[in-house]
Amino acid sequence: MLKKKNHLKKGPYSVLKAGSVIFVIGSILLALIEASSYYIYYDLIYLNFISLFTVSVGNGMIITSMSAFIGNQFLPGEENERTSYYNWYYFSTQIGSIIATSLMPIVLNYSSILLFVVFAVMLIVGCASFFFIKKYNYSPSTPGIYIRLLNIIKTALFTKKSDAPVSHIDKYDYQWLDKALIKYSIQEVSEVKTAVKVLVIFLPLPFFWAIYFQVFSVWIEMANTTNNVIFGITIPTSEITALNPLFDLFLIPLFSKLLYPFFEKKLKFPLTPLIKMGSGLFFTFLAVIASAIVQLAINYTSVSIAWMIPQFLLISIAEILLSITAVDFAYSEAPKRMKGFVTACWFLTLAFGNLLVSVLGLIQTSHFFIESMLIADFILMITGIFIGMSFRYRYTKKEESYFDSEYDEHDSNNEISTLLNKDYIYE
């Protein structure tokens, strides 16, 4: 019987607590700045920047460590339960998104100060919950592991292949990293190779987020050119983006409880993480094509805002297939001591996606239809590149203990440790 220990100052949990404090401080500063703007008439831009920066740092610490923290709570052999939990975690975030987008206009009608105060209070209540966690599992880490990662990469880059103590290199492995064996152990190099293998798969994914973020900008502009009256009810065009979280609430249980089991159990078609993620990129392509068709119709006639529903449905399907799957993929494939780092790198693709939005903004023509088709061609090319990379990817499933544990049966320590640290490779 496994007996869990309390670890109150280790791993992602400590990052969650620190991030919560920073996030709350930033939100309180924003509320104070908004309140003081009614009495202070000089520019508060620098204080606003500090507050927003504080909120961004706290939010980044929370979202990047939360996924690793969740994954750590599941034992080896509980991979299906972990995947299911990630689905429901994402489901809960969409509920929060709907509440926030619905509540914000109502509160803003009363007072902008009240909006920031409500925001701060909700954060305080939510973040305070992290401090009441008494028992949890944590992923062990080694001090200086990330510096070592950079040093291994540096050694591999500046070492000649002829100097490396390697007699045979598997064709699927990253050969250039094996050159670091001249200085580092096989385990250390293998961990870096596994981490890099996952990070390379992530390279095309910022392009998905670049398209996804257009939902909140370009597609709203499109909605402004449609007839927003349905059955005599005027639909605010700015509220059209609420379709995304609403579709997510419907699609998450549909996919996890019905579609995935149907493909895997009834059709005997294994839906690997990379198949789901590649499908997500393809649905992104379909969403852009759907938006282009709607824009073409707008160019010639007046169309209802309801015509935009299919493109929101398609981008939501893409989000479910790609985003949730990628988090679980990052955690399960990452080396034991780098799970927090690799899952954090997945969220880094969102940041790069935001940067790519400005790059895609350079693709401007006099017709939005032509612009959409150019973007669609580009995302289709990215999908093809990702599929090609997926064919060469070799999954590594590590049935290992993700946290330090104590056992009541002292005699079984070696046997259990051996079992939990075995590596299995499947194609």
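Along each chain, the written sequence defines residue order, and numbers are assigned to residues from 1. Note on the predicted model: pLDDT of at least 70 is required for a residue's local features to be given, and 80 or more for side-chain atom pairs to be given and counted; whole-chain, interface and lining totals, by contrast, use all residues. Each side-chain value is derived from all of the structure's non-hydrogen atoms; neither hydrogens nor water enter the calculation.

### Section: the pattern of salt bridges
By salt bridge we mean one thing: a side-chain nitrogen of Lys or Arg within 4 Å of a carboxyl oxygen of Asp or Glu. All chains considered together, the criterion is met by three salt bridges. Between Arg82 and Asp328 there is a salt bridge, with the nearest N and O atoms lying 2.9 Å from each other. In this pair, Arg82 is assigned in helix α3 (residues 79-110) and Asp328 in helix α12 (residues 309-333), connecting sequence segments 246 residues apart. Each member of the pair, Arg82 together with Asp328, is buried. Linking Glu191 and Arg337 is a salt bridge whose minimum nitrogen-to-oxygen distance equals 2.6 Å. With Glu191 in helix α7 (residues 186-202) and Arg337 in the loop between α12 and α13 (339-360), this pair connects stretches of sequence that are 146 residues apart. Look at Glu191 and you get buried, because its relative accessible area is 8%. We count a stretch as a helix when DSSP gives it H or I for four or more residues in a row; a strand needs E for two or more, and each element gets its number in order from the N terminus. Only protein chains enter the accessibility calculation, which uses a 1.4 Å probe; a residue is then buried when its area is under 20% of its type maximum, exposed when over 50%, and partly exposed in between.

### What about helix α4 (residues 112-128)?
Under the convention used throughout, the expected extent of a helix is 1.5 Å for every residue step, that is, one less than its residue count. Taking 1.5 Å as the rise per residue, α4 with 17 residues should run 24 Å; its terminal C-alpha atoms sit 24 Å apart, in good agreement. Three or more residues of α4 are buried, namely Ser112, Leu115, Ala120, Leu123 and Cys127. Along the axis of α4, the buried positions cluster into a sector of 130 degrees, meaning they face one direction only. Whether two residues are in contact is decided by their heavy atoms, any of which lying within 4.5 Å being enough. For α4, the elements touching its buried residues are α1 (12-36), α2 (45-72) and α3. The arc in question is the one spanned by the directions pointing from the helix axis to the C-beta atoms.

### Regarding the nonpolar core
Ranked by internal contacts, the top residues of the largest apolar core, which has 93 residues, are Phe202, Trp219, Met277, Phe329 and Trp346. The greatest single-element share of this core, amounting to 14 residues, is contributed by α12. Beyond its immediate stretch of four places on either side in the chain, Trp346 contacts Phe202, Leu205, Trp209, Leu322, Ser323, Ala326, Val327 and Ala330. Take the buried Ala, Val, Leu, Ile, Met, Phe, Trp, Tyr and Cys residues and link them wherever side-chain atoms come within 4.5 Å; each set so joined is a nonpolar core.

### Description of the confidence of the model for the protein chain
Predicted confidence across the protein chain gives a mean pLDDT of 78, with 80% of residues reaching 70 or more. You can read pLDDT as the predictor saying how much it trusts each residue, on a scale of 0 to 100. Here residues 1-9 is modelled with pLDDT under 50, and outside its nearest four sequence neighbours on either side it reaches 24 contacts, counting other chains as well. Per-residue pLDDT stays below 50 along residues 399-427; that stretch engages in 59 contacts with residues further than four places along the chain or on separate chains.

### Description of unusual backbone geometry
A positive phi angle is found at Lys268, which is not glycine, with a value near 60 degrees. As for its position among the elements, Lys268 is in the loop between α10 (243-266) and α11 (273-300). Look at Lys268 and you get exposed, because its relative accessible area is 65%.

### Some thoughts on the packing of aromatic side chains
Aromatic ring pairs are reported here in terms of the distance separating the ring centres and the angle at which the planes meet. Aromatic pairs are defined between Phe, Tyr and Trp rings, using the six-membered ring for Trp, whenever the two ring centres lie within 6.5 Å; interplanar angles under 30 degrees are classed as stacked, those over 60 as edge-to-face, and all others as tilted. Taken as a whole, this structure holds 19 aromatic pairs when the rule is applied. Seen in terms of ring centroids, Phe255 and Tyr260 are 5.7 Å apart; in terms of plane orientation they differ by 80 degrees. Their pairing is edge-to-face. The burial state of Phe255 is the same as that of Tyr260; both residues are buried. Aromatic pair Phe282 and Phe285: ring centres 5.7 Å apart, planes at 35 degrees, arrangement tilted. You can see Phe282 and its partner Phe285 sitting in helix α11, three residues apart, about one turn around the helix. Note on Phe282: relative accessible area 37%, which makes it partly exposed. Put simply, the rings of Phe202, Phe208, Trp209, Tyr212, Phe213, Phe329, Trp346, Tyr393 and Tyr395 pair up and form one aromatic cluster.

### Quick word on the packing of α1 against α4
Every axis corresponds to a line fitted to the C-alpha atoms, with the helix fit spanning only the stretch in contact, and the corresponding angles, defined between N-to-C directions, vary from 0 to 180 degrees. Where α1 meets α4, the closest approach of the two axes is 9 Å, and the angle between their N-to-C directions is 165 degrees. What the angle tells us is that α1 and α4 run roughly antiparallel. Note on packing geometry: the crossing formed by α1 with α4 is left-handed. Contact with α1, carried on its side by Ser20, Phe23, Val24, Ser27, Ile28, Leu30, Ala31, Glu34 and Ala35, involves Ser112, Ile113, Phe116, Val117, Phe119, Ala120, Leu123, Ile124 and Cys127 of α4 and no other residues of that element. Three residue categories are used. Nonpolar comprises Ala, Val, Leu, Ile, Met, Phe, Trp, Tyr, Cys and Pro, charged comprises Asp, Glu, Lys and Arg, and polar comprises the others, including Gly. Taken together, the residues of the contact of α1 with α4 sort by class into 14 nonpolar, three polar and one charged. To sort the angles, those under 35 degrees are grouped as roughly parallel, those over 145 as roughly antiparallel, those from 65 to 115 as roughly perpendicular, and the leftovers as oblique. Note: crossing handedness is left-handed where the near helix turns anticlockwise from the far helix by less than a right angle, and right-handed where it turns clockwise.

### A short note on empty space enclosed by the protein
Only protein atoms enter the 1 Å grid, on which a cavity is a set of points fitting a 1.4 Å probe that cannot get out and a pocket is an open set with protein on both sides within 12 Å along at least 5 of 7 lines, lining residues being those with an atom within 4 Å of a point. Grid points are joined across faces, edges and corners, and a volume is the space filled by probe spheres set on the points. Enumeration over the complete set of coordinates arrives at one cavity of 30 Å³ or more. Lining the largest cavity are Gln214, Trp219, Val288, Ser291, Phe368, Ser372 and Ile375. Where the lining of the largest cavity is concerned, the elements lending two or more residues are α11 and α14 (368-392). The leading source of residues in the lining of the largest cavity is α14, at three residues. In the lining of the largest cavity, the residues fall into four nonpolar, three polar and no charged.

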